[in-house]
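Descriptive structure summary
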Amino acid sequence: MTDSTAASISPPDIRWGDVRMATSGRLARALTAEDLRLMARRRLPRPIFDYVDGGGENEFTLGRNSAAFDRIGFRPRTVADIAGRSQSTAYFGRASAAPFAIGPMGGLGLLCPDADIVLARVAARAGIPFVLATGASASIERVAEAAPDGRRWFQLYVFSDADLNRRLLQRAASAGFEALVVTTDTQIAPKRLRDLRNGFAMPMRLTPRNIVDFAARPGWLWRIGRKSGTGLMGNLAAEIGGTPTAAETFDFFRAGRSRSVGWEDLKPIRDVWRGPMLLKGIVTAEEAVLAAELGVDGIVVSNHGGRNLDGTMATIEALPQVVAAVGDRLTVFLDSGIRRGSDVVKALALGAKGTLIGRPIAFALAAAGEAGVEHVLAMLHDEVDRVHGLLGCPRLDRIDPSFLWRDDRPARP
Ligand SMILES: Cc1cc2nc3c(=O)[nH]c(=O)nc-3n(C[C@H](O)[C@H](O)[C@H](O)COP(=O)(O)O)c2cc1C
């Protein structure tokens, strides 16, 4: 029996520090992020699954994000000293155990009870940063209490009320959040066709149209749907005061968001926030330069996972120009479309210092809660390690485009 067939018949026993892949039960059968997505689809009512899975308008960018990764191949070195390989890295002077972090996602309370608490805890155990969204279900303070030793970053959607922005930043700073991630690509509500067709609304309302979808998932109704306050935005509920209903909190969020954010609006935020600050949503070299001039420490090259402006280029296509313009001045992260360790390695080879993981985390959470998130993180870590080794790259932090090969045929979105 060859080594490769031996590996294919036993479930991998993959541990990474304090997190590990499941080795028995249904979770052990999930060998890829796509497997977890399919498991999540079986557990979630269709409108909730589509809220996570879907993108803007015709989902051209959603498809392009992944297709563009697939068009990049590897040029391995097969004779290389890879014995000492490690994926530990550092962001803003502090260690991270892997070149990926958990990206900000709102509304995850619809997938799993205490979703953000689970994510913060698992990220702390894995030794990677976790970005808490403004619209997260759990509040800044609850997350800090649940993961006091974890690296916690806070994502801000800018509100028109400058005092509210300041208060949120003060709360994040006093709760020990280390970095601020200001999202710049969502001032206008996107047109997500799946949500419109499913009658998806925040907070969730049952309509004659979607009642069948919910009835088909009694397990979800029992675990999540019946609990009052599901999907409540903890950060904003605390700003309203008292015990607002989920509908009141969402109205506060929608009405308060600034619909136009210029560079002048970002200056006071940069002045108030003492720690590292990143802008998330930049995809052009021109804006990356302006971000550096504003005095931020990093950017996330992101198109929001194809959820907003449909037709935006894939982030992995945009990355080289951004890195050429600001790679020496800013810490450049990338997200949107990362589904495997090889995608992470491709982003690093094109100059990103790190990546944020979005949907694979959300689906793991929906598929199996805390064990699911451990499973997907250990899986990604293992995949990065295998690709790193098979590529014959001694130092992941020094990987460069010479390890990549480009397929120049047109993308198939
Ligand atoms: C369910 C869901 C909710 C999200 N909520 C936010 C958010 O509140 N703030 C934000 O900056 N990005 C948000 N994002 C975007 C992610 O941070 C990230 O940019 C995106 O998921 C990356 O694409 P990928 O999931 O295809 O990898 C959300 C994404 C998803 C899937």
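This write-up is about the structure you can find in this document. (Residues numbered from 1 in each chain as written. Predicted model: local features only at pLDDT ≥ 70, side-chain atom pairs only at ≥ 80, totals over all residues. Heavy atoms only, no water.)

Overview of the overall build of the chain
Rules: Each helix is a run of DSSP H or I of at least 4 residues and each strand a run of E of at least 2, with the numbering of both proceeding from the N terminus. In this setup the radius of gyration rests on C-alpha atoms only. A globule is expected at 2.2 Å times the number of residues raised to 0.38. Think of it in three bands: residues with accessible area under 20% of the maximum for their type are buried, residues over 50% are exposed, and the middle band is partly exposed, with areas taken using a 1.4 Å probe on protein chains only. A contact between two residues is defined here by any heavy atoms of the two lying within 4.5 Å. Charge counting treats Lys and Arg as positive and Asp and Glu as negative, with His and both chain ends excluded. To locate a charge, take atom NZ for lysine, CZ for arginine, CG for aspartate or CD for glutamate.
The secondary structure content of the chain amounts to 17 helices and 14 strands. Scaling as 2.2 N^0.38, a compact globule of 413 residues should have a C-alpha radius of gyration of about 22 Å, and the chain matches this with 21 Å. Its C-alpha atoms put the chain at 65 × 50 × 45 Å along the principal axes. Counting only residues that meet the buried cut, the chain has 55% of its 413 residues in that class. Sequence-distant contacts, at least 24 apart, represent 72% of the contacts inside the chain between residues at least 6 apart. For the chain, the distance from the average position of its 53 positive side-chain charges to the average position of its 46 negative side-chain charges is 4 Å.

Side note on the packing of aromatic side chains
Heads up, the condition is: Centre distance within 6.5 Å is the pairing criterion for rings of Phe, Tyr and Trp, where only the six-membered ring of Trp is used; planes under 30 degrees apart are then read as stacked, over 60 as edge-to-face, and the remainder as tilted. For a Lys NZ or an Arg CZ to count as sitting over a ring, it must be within 6 Å of the ring centre and within 35 degrees of the ring normal.
This structure, assessed with the given rule, holds ten aromatic pairs. Ring centres of Tyr 51 and Phe 200 lie 4.9 Å apart, and the angle between their planes is 10°; on these two criteria the pair is classed as stacked. Here the residue Tyr 51 occupies a position in helix α3 (residues 46-53), and Phe 200 occupies one in the loop between α8 (193-198) and α9 (211-215), the gap between them amounting to 149 residues. Overall, Phe 200 belongs to the buried group, its relative accessible area being 13%. Through successive ring pairs, a cluster of aromatic residues spans Tyr 91, Phe 92, Trp 153 and Phe 333. Positioned over the ring face of Tyr 157 is Arg 257, at 4.1 Å from the centre of the ring. Sitting over the ring of Phe 74, Lys 346 keeps its end group 5.3 Å from the ring centre.

Observations regarding the site of the ligand
Let me state the cut-off plainly: Whether a residue is near a molecule or strand is decided by its heavy atoms; if any one of them lies within 4 Å of it, the residue is near. Definition of a polar contact: a pair of N or O atoms within 3.5 Å, with one able to donate and the other able to accept a hydrogen when the atoms are protein atoms, and with sequence-neighbouring residues admitted only if both atoms are side-chain atoms. Where accessible areas are quoted, they stem from the Shrake-Rupley method and a 1.4 Å probe; at the residue level, only the protein chains shown are allowed to cover. Three categories are distinguished: nonpolar for Ala, Val, Leu, Ile, Met, Phe, Trp, Tyr, Cys and Pro, charged for Asp, Glu, Lys and Arg, and polar for the others, with Gly belonging to the last.
Contacts to the ligand come from 21 residues, most closely from Pro 104, Thr 183, Asp 335, Arg 339 and Arg 359. Separating an oxygen atom of the ligand from a side-chain N or O atom of Arg 339 is a distance of 2.7 Å. Notes on the ligand: free accessible area 610 Å², of which the protein chains cover 98%. Taken together, the residues that form the shell around the ligand break down as seven nonpolar, nine polar and five charged.

Details of the packing of helix α14 (residues 285-294) against helix α15 (residues 315-326)
The relative placement of two packed helices comes down to the angle between their axes together with the axis-to-axis distance. Applied cut-off: Helix axes are fitted to C-alpha atoms over the stretch in contact, other axes to C-alpha atoms as well, and angles between N-to-C directions run from 0 to 180 degrees. In this scheme, a crossing is called left-handed if the near helix is turned counterclockwise away from the far one by less than a right angle; it is called right-handed if the turn is clockwise.
The geometry of α14 relative to α15 is characterised by a closest axis approach of 8 Å and an angle of 35° between their N-to-C directions. Where α14 crosses over α15, the two elements pack in a sense that is right-handed. Contacts between α14 and α15 involve Ala 285, Ala 288, Val 289 and Ala 292 from the former and Gln 321, Val 322, Ala 325 and Val 326 from the latter. Looking at the contact of α14 with α15, its residues break down into seven nonpolar, one polar and no charged.

Quick word on the pairing of strand β13 (residues 354-357)
We count it as follows: When DSSP locates at least two bridges between a pair of strands, those strands are taken to pair. By the criterion used throughout, a crossover qualifies as right-handed when its path from the first strand across the helix to the second strand runs clockwise, the strands pointing away from the viewer.
Of the two faces of β13, both are covered, the one formed by Gly 354 and Leu 356 as well as the one formed by Thr 355 and Ile 357. The pairing of strand β6 (residues 100-102) with β13 spans three bridges and is classified as parallel. The residue of β13 that forms the bridge with Ile 102 is Ile 357. In this sheet, β13 lies alongside strand β12 (residues 331-334) in parallel orientation, the contact comprising two bridges. Bridged to Leu 334 within β13 is Thr 355. Between β12 and its parallel partner β13, the chain crosses via helix α16 (residues 341-349), and the hand of that crossover is right-handed.

Details of the pairing of β12
The two faces of β12 match: Thr 331 and Phe 333 on one face and Val 332 and Leu 334 on the other face are all buried. Two strands pair when backbone bridges link them, and strand β11 (residues 298-301) and β12 are joined in this way by four bridges, in the parallel orientation. Paired with Val 300 across the bridge in β12 is Phe 333. What joins β11 to β12 is α15, and the crossover it makes is right-handed.

Things to note about α15
To keep things clear, this is the line we draw: The span one expects for a helix is its residue count, reduced by one, times 1.5 Å. This arc is built from the directions going out from the helix axis to the C-beta atoms.
Look at α15: 16 Å from first C-alpha to last across twelve residues, which is about the 16 Å you get at 1.5 Å a residue. Buried residues of α15: Thr 315, Ile 316, Ala 318, Leu 319, Val 322, Val 323 and Val 326, and no others. Down the axis, α15 shows its buried residues gathered within 135° of arc, on one side only. Exposed residues lying more than 90 degrees from the buried face of α15 are Gln 321 and Ala 324.

So, the pattern of salt bridges
This is how it is decided: Within this document, salt bridges are pairs made up of a side-chain nitrogen of Lys or Arg and a carboxyl oxygen of Asp or Glu, the two lying within 4 Å of each other.
Under the definition given, this model contains 26 salt bridges. Arg 64 is the salt-bridge partner of Glu 317, the closest N and O atoms lying 2.8 Å from each other. With Glu 317 in helix α15 and Arg 64 in helix α4 (residues 60-70), this residue pair connects regions lying 253 residues apart in the sequence. Glu 178 is the partner of Arg 151 in a salt bridge, and the nearest nitrogen-oxygen pair spans 2.6 Å.

Some points on helix α5 (residues 115-126)
Taking 1.5 Å as the rise per residue, α5 with twelve residues should run 16 Å; its terminal C-alpha atoms sit 17 Å apart, in good agreement. Within α5, nine of the twelve residues are buried, which leaves the element mostly enclosed by the surrounding structure. Of all the positions in α5, only Ala 115, Asp 116, Ile 117, Val 118, Leu 119, Ala 120, Val 122, Ala 123 and Ala 126 are classed as buried. Residues of α5 that are buried sit in contact with β1 (15-16), β2 (19-20), β6, β7 (130-132), α6 (140-146) and α17 (359-391). Positive phi appears at Gly 127, one or two residues downstream of α5, with a value of about 80°.

Details of a nonpolar patch on the surface
Which entries qualify depends on this criterion: In this analysis, a patch consists of residues with relative accessible area above 30% that form no salt bridge, clustered at 9 Å for like charges and at 5 Å for the nonpolar side chains Val, Leu, Ile, Met, Phe, Trp and Tyr.
Residues Leu 206, Ile 211 and Val 212 make up a contiguous nonpolar surface patch of roughly 290 Å² in combined accessible area. Examined against the element boundaries, Val 212 turns out to sit in helix α9.

Focus: the nonpolar core
Using the following cut-off: Put simply, buried Ala, Val, Leu, Ile, Met, Phe, Trp, Tyr and Cys residues joined by side-chain atoms within 4.5 Å make one nonpolar core.
Within the largest apolar cluster, 120 residues are counted, with the highest numbers of intra-cluster contacts made by Leu 279, Ile 299 and Leu 377. With near-sequence residues (within four places) excluded, Leu 377 lies in contact with Trp 16, Phe 100, Ile 102, Val 122, Ala 126, Ile 128 and Ile 361. Among the nonpolar cores identified, the runner-up in size contains ten residues, and Tyr 91, Val 131, Ala 179 and Phe 333 belong to it.

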